Each structure stands twice: as C-alpha cells, then as structure tokens.
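Structure at a glance
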2 protein chains.
Amino acid sequence: MSDAKKTRTTVEIHNRKYTIVGEESPHRIQMVASMVDQKMKEIQEANPKLDTAQLAVLTAVNATNDYIKIKEEYNHLIEKLKREEQDKNG
Amino acid sequence: MSDAKKTRTTVEIHNRKYTIVGEESPHRIQMVASMVDQKMKEIQEANPKLDTAQLAVLTAVNATNDYIKIKEEYNHLIEKLKREEQDKNG
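Just so we're clear, the structure is a prediction, and the values are computed from it rather than from any experiment.

**Focus: the relation of the copies chain A and chain B**
Between chain A and chain B, the superposition needs a rotation of 180 degrees and an axial shift of 0.0 Å, giving an RMSD of 0.1 Å. Here the transformation between the copies is reduced to the relation of a two-fold axis. The share of interface residues of chain A whose copies in chain B are also at the interface is 100%, consistent with both copies meeting through the same surface.

Okay, structure coming up:
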C-alpha cells in the first residue's frame, strides 16, 4: 500500500492519547477508539482492581475472540454457498 | 447463560497471567491469548518505546478494527443473499 493513502488520527483511549496511522478513515478510527474505550470502562466496572494494561489486554482478548467468531461464521457461510453452487452445477 | 457452562482458563500474555472466564473452550481461549500476545510483540518491535498499556490498547484497536471489517463484509453478504432470494421469489 502506498504511504499517500495513510491517515493519521489522534484519539483518546482511557485518558491517554494515541496517534493511529493506517488506511482507515479518521471517522472509522474514532469509532474504533470509542468502542475500545467503552469496553475498557465496562471491564473496569466489573473488575475495579485491574490496571490499564490489564484492562487493555482483556479488551484485546475480547475483540480478538469476537473477530474469530464472526470470521468462522463468515467462512461457514462462504463454504455453504460454494457447496450450493456446486450442487446446482453438478 | 448458566454459570455451569462457563470455563476458567489461565493464559499468559506479555509476561502476565490472566484468568479468562467465559463460554469459550480453554483451547479457544489459549489460541486467542496467543494471537493477542503475538500482536503485542509485533507492535512492540515496530514501536520499542511503547509501554505495556499502550501496546495492549493498540492491539485492542487493531482487533476491534478487524472485527468491524469482517462484520461489515458478513452483513453485506447476508444482505446480498437476501436480495437474491427476493429477486427469485418476486
């Protein structure tokens, strides 16, 4: 990917500022940052003793798990569509 | 969900131990933890000055962004299938 397409967006998550560099629009980055911030708050409310690093690690674990789950569903759907297509043509 | 279905799995991420409570299998939790640990290492190699909290927050941002992207693709596919179904029946 060319550097020209990269955006730099500064967001605040759990009272610290982060500059995120990537292909996503600043609007998208703000939305993602707000989701992470919100999830950290939720985990903190349930576990007030955790420090920022622990909250962030658990947030990353949650998000990665959500990602894998939806990716599996997506792949299953693609496989199902392929099989249906083969049945139609075979 | 009943508590009886919950598992407790202890994982190590970035040299700290976390006990993850949830519906997922211990095998799945270990896989997710290993993905988070790996992603934190990658971000650290690219940004050696970041502390653990910053690495974990950026890992959470990455994972959340990946989740949203695949969820959008999944939703688009579902919408496309629905439209095709309607076209067939209409």
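**A word on the packing of helix α1 (residues 26-46) of chain A against helix α2 (residues 52-89) of chain A**
Residues and elements named next belong to chain A. Two numbers describe how α1 lies on α2: the axes approach to 9 Å, and their chain directions differ by 115 degrees. Classified by the interaxial angle, the pair formed by α1 and α2 is roughly perpendicular. Helix-helix and strand crossings are classified by hand; for α1 and α2 the assignment is right-handed. For the pair formed by α1 and α2, the contact residues are Val36, Lys39, Met40, Ile43 and Gln44 on the first element and Thr52, Leu55, Ala56, Leu58, Thr59 and Asn62 on the second. By residue class, the composition of the contact of α1 with α2 is 6 nonpolar, 4 polar and 1 charged.

Each value, and the rule that gives it
- Along each chain, residue indices are assigned from 1 in the same order as the chain's sequence is written.
- To label them, take the chains in the order written and letter them from A, then take the ligands in the order written and number them from 1.
- Only residues with pLDDT of at least 70 are given local features in this predicted model, and only at 80 or more are side-chain atom pairs given and counted; all residues enter the totals for whole chains, interfaces and linings.
- Excluded from the side-chain calculations are hydrogens and water; all other atoms, namely the structure's heavy atoms, are used.
- The atoms used to superpose the copies are C-alpha atoms, taken from residues with pLDDT of at least 70 in both, and the fit is least squares.
- In what follows, a contact means two residues having at least one pair of non-hydrogen atoms within 4.5 Å.
- Working convention: axes come from line fits to C-alpha atoms, limited for helices to the stretch in contact. Angles between N-to-C directions cover 0 to 180 degrees.
- Each helix is a run of DSSP H or I of at least 4 residues and each strand a run of E of at least 2, with the numbering of both proceeding from the N terminus.
- When an angle is under 35 degrees it counts as roughly parallel; over 145 it counts as roughly antiparallel; between 65 and 115 it counts as roughly perpendicular; any other value is oblique.
- Throughout, a crossing is termed right-handed when the near helix is turned clockwise from the far one, and left-handed when it is turned anticlockwise from it by less than a right angle.
- Each residue is assigned to one class: nonpolar for Ala, Val, Leu, Ile, Met, Phe, Trp, Tyr, Cys and Pro, charged for Asp, Glu, Lys and Arg, and polar for all the others, Gly among them.

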